[in-house]
Amino acid sequence: MAMSAGKDDGEPMMEMNTTPLIDVMLVLLIMLIVTIPAQTHAVKVDLPQNTGQNTPPPVEPQKNKITIDPQGNLFWNGSPIDKVTLRQYLDQSVQIQPEPELHFQPDPQARYEVVDEVLAIIKRSAVTKLGFVGNEQYRNDF
């Protein structure tokens, strides 16, 4: 007695044809890939709004600069200060209309802890015009 695979005897085939199943699964996979929205990384930036006036922005009368040397000493426009005095200067500069720009320039060798503490002081003082100076010195590091 020989086993039949169903080819000549009219018997049903013993193995399943999976080609149509694979074709359907590939079509479903392609449809899924096409319909899923692409994940994009978004950075929120406050852009200036057009008010319809063509007047140039006011000229900043004063710019203050905070620097940190490698030893962690703070300087306000070149004069050495401590953190309490820094907060007092920041509170005074926020009251000036228009608010002067604040330039922040830590030395590359300054400890991150000191830089972080100064940034926290700046944030708590509600300064709205802050700029980092000297970032071009890091452009070849990455």
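Fair warning: this is a prediction, and the values are worked out from it, not measured in the lab. (Residues numbered from 1 in each chain as written. Predicted model: local features only at pLDDT ≥ 70, side-chain atom pairs only at ≥ 80, totals over all residues. Heavy atoms only, no water.)

> Is there a simple way to explain the overall build of the protein chain in this structure?
Of the regular secondary structure elements, the protein chain holds 3 helices and 5 strands. The N-to-C order of helical and strand elements in the protein chain reads α-β-β-β-α-β-α-β. Residue burial in the protein chain is summarised as follows: out of 142 residues, 18% are buried. Across the protein chain, every contact between residues at least 6 apart in sequence was considered, and the portion connecting residues at least 24 apart equals 65%. With an accessible surface of roughly 11900 Å², the protein chain has 58% of that area assigned to carbon and sulfur atoms. (Helix = DSSP H or I, 4+ residues; strand = E, 2+ residues; numbered from the N terminus. Buried < 20%, exposed > 50% of the residue type's maximum accessible area, 1.4 Å probe, protein only. Contact = heavy atoms within 4.5 Å. Areas by Shrake-Rupley, 256 points an atom, 1.4 Å probe, with all protein chains shown as cover.)

> What should I look at first to understand the nonpolar core in this one?
Side chains of a nonpolar character, in soluble globular proteins, are inclined to be buried together. The biggest cluster of nonpolar side chains holds 16 residues, and the ones touching the most others in it are Ile 66, Ile 68, Leu 86, Leu 90, Val 118 and Ile 122. Top element by residues in this core is helix H3 (residues 112-124). It accounts for 5 residues. (Core = buried A, V, L, I, M, F, W, Y, C linked by side-chain atoms within 4.5 Å.)

> Looking at this model, I keep getting lost on unusual backbone geometry. Mind explaining?
A cis geometry characterises the amide bond from Gln 97 onward to Pro 98, with omega recorded as -10°. Looking at the element boundaries, Pro 98 is found in the loop between helix H2 (83-95) and strand S4 (101-106). Positive phi, normally seen in glycine, also occurs at Asn 77, with a value near 50°. Inspection of the secondary structure assignment puts Asn 77 in the loop between strand S2 (74-76) and strand S3 (79-81). Assessed through its relative accessible area of 39%, Asn 77 is described here as partly exposed. The residue Ala 126 is not glycine, and still its phi comes out positive at about 65°. Structurally, Ala 126 can be placed in the loop between H3 and strand S5 (130-132).

> What should I look at first to understand the packing of aromatic side chains in this one?
Pairs of aromatic rings are described using the distance from one ring centre to the other and the angle between the two planes. Within this structure, the stated rule accounts for 2 aromatic pairs. With a centroid separation of 5.2 Å and 50° between ring planes, the pair formed by Trp 76 and Tyr 89 is classed as tilted. Pair noted here: Trp 76 is in strand S2 and Tyr 89 is in helix H2, with a separation of 13 residues, a long-range link. When the centroid spacing of 5.8 Å and the interplanar angle of 80° are considered together, the rings of Phe 104 and Phe 132 count as edge-to-face. (Phe/Tyr/Trp six-rings, centres within 6.5 Å; stacked < 30°, edge-to-face > 60°.)

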